Structure formats: structure tokens, C-alpha cells
Amino acid sequence: MRILVTNDDGIHSPGLTVLAKALSKLGEVWVVAPDRERTAAAHAVTLHKPLRVQQLGTRIYAVSGTPVDCVNLAVLKLLPAPPDLLLSGINRGVNLGDDVLYSGTVSAAMEGTILGVPSMAVSQEGQSQFHFDAGARYAVRIARLILKEGLPDETLVNLNIPNRPFGSITGVRVTCLSRRRFDNPIIEKMDPHGRTYYWIAGTRVSWSRSKDADHEAIEQGAVSLTPIHLDTTNHGVLDRFRKWETVRRPQARLITGSSKLKGKQRN
Ligand code: MN
């Protein structure tokens, strides 16, 4: 059993160390993680400069790139064979709702899924003091289930853990992604030279889309488990948009022949 561990907080983050140690019960752990913090790197890939890899210990590698770079290098180059499981985390702070669109932690797990590796992102609520031991115990529990039962096609798990001691977490709840609203998201200030600068920040003030919402589970002291699908197509509205189509549907291609149709498609 081979398990890849990565994150977006950087290779020296305690959340990663605690997770890697806990997973060593299940198999051979490989750590391939960014050499510095890459929070909010989302799904960025480094294409225009070289990536450097530094081996820091047995099966521990620091990469001068993004979380998604790390997963690619690990799965396609550094490991002797693709891993049986990928875990990304434990992130400092939750990745709930549309956080998943910005999160390097979640993107690393998405990249694992794209490469065919069963993958899970693990994040823990909190600002500075984290009960990572509790988070790791739940991560291992769900990792065992993934190894035993597998994951559906193109699906990753987004696990968020409330920041409490293990004994006071109320259990695991299956949830949906919510949406958050920010107050004052762009901060405008003046630098010492009198020039204006901006800081994207703001505080989260409210949530919407609350049926089985992930943030509710966390607020109520439960672990939130959201299955995320790679296909973000809005299948329910396809018919509404079909009337915008300007090319004939594929049946026409079969009748007309592919070379003739090519010219007509460009109108
Ligand atoms: Mn992070």
C-alpha cells in the first residue's frame, strides 16, 4: 500500500507531519509537498520555469512549485508506481463552499483524481491552535473506507474537521458545498510613500445555499464530508442552452460526412 501526502501550507506545516505519521499505519507514506506556503494557489501549474526537487528524508520531497505540480511530479516521476491513495492536508483552516475553487489543498486532490488516484482533501477549522491529532484520526478513518470501497468515477472527497478534541467531535456528516458572503472583501490603504495599495481580505459574514451545507456540520461540531465531482457541467440546464446551438447535432455529421461538415461548422 502506497500513500501520497501533499498540502498547500508547505512541507514544514505541522498538519502535514501529523497526517503523514497517522497514515503510516495504513501503508508506505510518500510526502511530496511545496517548499513554502502556497495557500490559494488553486489549480495552478508551473509551465514557464524549472521545478527543483529537494529530498529532505526517506520518501520526503520538497518541490519549488504548486500543490498541483507536486502531485504531477510525485505520481508521474518520483514514486516507483502511482499511489493507491492521495491525501492533501491537513490544511490550516477550513475549505468549505466555494473555498474549493481557490484552495491548493483541494486542487491537489483534484489533480490526483484526474490522474486516477483515489484522493481526499483534509482541512481543519481554526486560526492558530489546531487539534490536528483529531483531524488525522478522522482522515485515517475515511482513508480506510476509501481503500476498502473505492471512490466513484471522477470523484474526490473534501473532508473538513471542526477544531475540537477528538472526543467532542459529534461524528461524520455527508454535506453539500455552500456559498459564503464576504464583508468588505477589498481593503484599500496607503503605503509609506503615499501610494494606494489593495489587499484582498475581508471577513466571512454569512453563508447561503444551506441544505445539508458543509459549514453547518462544522458549526455543529461534526466532520463534514463532501463528495466533489470533476465534471462541473450544469447538466440540468443543457436543454435550455441547446436552442443557442448553431451547428447541427452529431447525427447530421454521420449523414453528411465529416470533411464536408467541417467547413459548415464555422458559420
Ligand atoms: Mn493552506
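Here we summarise the structure given alongside this text. (Residues numbered from 1 in each chain as written. Predicted model: local features only at pLDDT ≥ 70, side-chain atom pairs only at ≥ 80, totals over all residues. Heavy atoms only, no water.)

**Here's the deal with helix H3 (residues 104-114)**
Turning to step 1, where the next piece is worked out: Counting buried residues along H3, ten of its eleven residues qualify, which places the element largely inside the surrounding structure.
Turning to step 2, where the next piece is worked out: All buried positions along H3 are accounted for by Gly104, Thr105, Val106, Ser107, Ala108, Ala109, Met110, Glu111, Gly112 and Thr113.
Turning to step 3, where the next piece is worked out: Looking at the buried side of H3, the elements it contacts are strand S1 (2-6), helix H2 (67-78), strand S5 (85-92), strand S6 (119-124), strand S7 (155-161) and strand S13 (223-229).
Turning to step 4, where the next piece is worked out: Put simply, Ser103 is the residue that caps the front of H3, since its side-chain oxygen is 3.1 Å from the backbone nitrogen of Thr105.
Turning to step 5, where the next piece is worked out: Gly116 occupies a position one or two residues after H3 and carries a positive phi of about 85°. (Buried < 20%, exposed > 50% of the residue type's maximum accessible area, 1.4 Å probe, protein only. Helix = DSSP H or I, 4+ residues; strand = E, 2+ residues; numbered from the N terminus. Contact = heavy atoms within 4.5 Å. Polar contact = N/O pair within 3.5 Å; in protein donor to acceptor, adjacent residues only side chain to side chain.)

**Description of the coordination of the manganese ion**
Turning to step 1, where the next piece is worked out: Protein coordination at the manganese ion comes from Asp8 (OD), Asp9 (OD), Thr39 (OG1) and Asn91 (OD1), with a distance range of 2.1 to 2.4 Å.
Turning to step 2, where the next piece is worked out: Each donor residue of the manganese ion belongs to the same chain, with the gaps between them written as D-D-x29-T-x51-N. Considered together, Asp8 and Asp9 belong to a single accessibility category, that of buried residues. (Donors = N, O, S within 2.8 Å, 3.2 Å for Na, K, Ca; no water.)

**Observations concerning the packing of H2 against H3**
Turning to step 1, where the next piece is worked out: The N-to-C vectors of H2 and H3 enclose an angle of 30°; their axes lie 8 Å apart at closest approach. Between H2 and H3, the interaxial angle falls into the category roughly parallel. In this structure, H2 meets H3 at a crossing whose hand is right-handed. Where H2 abuts H3, its residues Pro67, Val68, Val71 and Asn72 lie against Gly104, Ser107, Ala108, Glu111 and Gly112.
Turning to step 2, where the next piece is worked out: Residues belonging to the contact of H2 with H3 are distributed by class as follows: four nonpolar, four polar and one charged. (Axes fitted to C-alpha atoms, helices over the stretch in contact; angles between N-to-C directions. Parallel < 35°, antiparallel > 145°, perpendicular 65-115°, else oblique. Left-handed = near helix turned anticlockwise from the far one by under 90°. Nonpolar A, V, L, I, M, F, W, Y, C, P; charged D, E, K, R; others polar.)

**A short note on the nonpolar core**
Turning to step 1, where the next piece is worked out: Core analysis: the biggest nonpolar cluster contains 34 residues, and Val5, Leu23, Val31, Leu87, Met120, Val122 and Leu159 have the highest contact counts within it.
Turning to step 2, where the next piece is worked out: Broken down by secondary-structure element, the contributors of at least two residues to this core are S1, helix H1 (14-23), strand S2 (28-34), S5, S6, helix H4 (132-149), S7 and S13.
Turning to step 3, where the next piece is worked out: Core analysis: the second largest hydrophobic core is formed by 14 residues, Val32, Val71, Ala74 and Leu79 among them. (Core = buried A, V, L, I, M, F, W, Y, C linked by side-chain atoms within 4.5 Å.)

**A word on the pattern of salt bridges**
Between side chains of opposite charge, a pair can form when the charged atoms approach closely.
Turning to step 1, where the next piece is worked out: As enumerated under the stated definition, the model contains ten salt bridges in all.
Turning to step 2, where the next piece is worked out: Here Asp98 ties to Arg180 by a salt bridge, and the two come within 3.1 Å at their closest N and O atoms. Placement of the pair is Asp98 in the loop between S5 and H3 and Arg180 in strand S9 (residues 179-183), with a sequence separation of 82 residues.
Turning to step 3, where the next piece is worked out: The class of Asp98 is buried, set by a relative accessible area of 12%.
Turning to step 4, where the next piece is worked out: As a salt-bridge pair, Asp99 and Arg180 come within 2.6 Å of each other at their nearest N and O atoms. Highlighted residues: Asp99 in the loop between S5 and H3 and Arg180 in strand S9, separated in sequence by 81 residues.
Turning to step 5, where the next piece is worked out: Owing to a relative accessible area of 14%, Arg180 belongs among the buried residues under this scheme. (Salt bridge = Lys/Arg side-chain N within 4 Å of Asp/Glu carboxyl O.)

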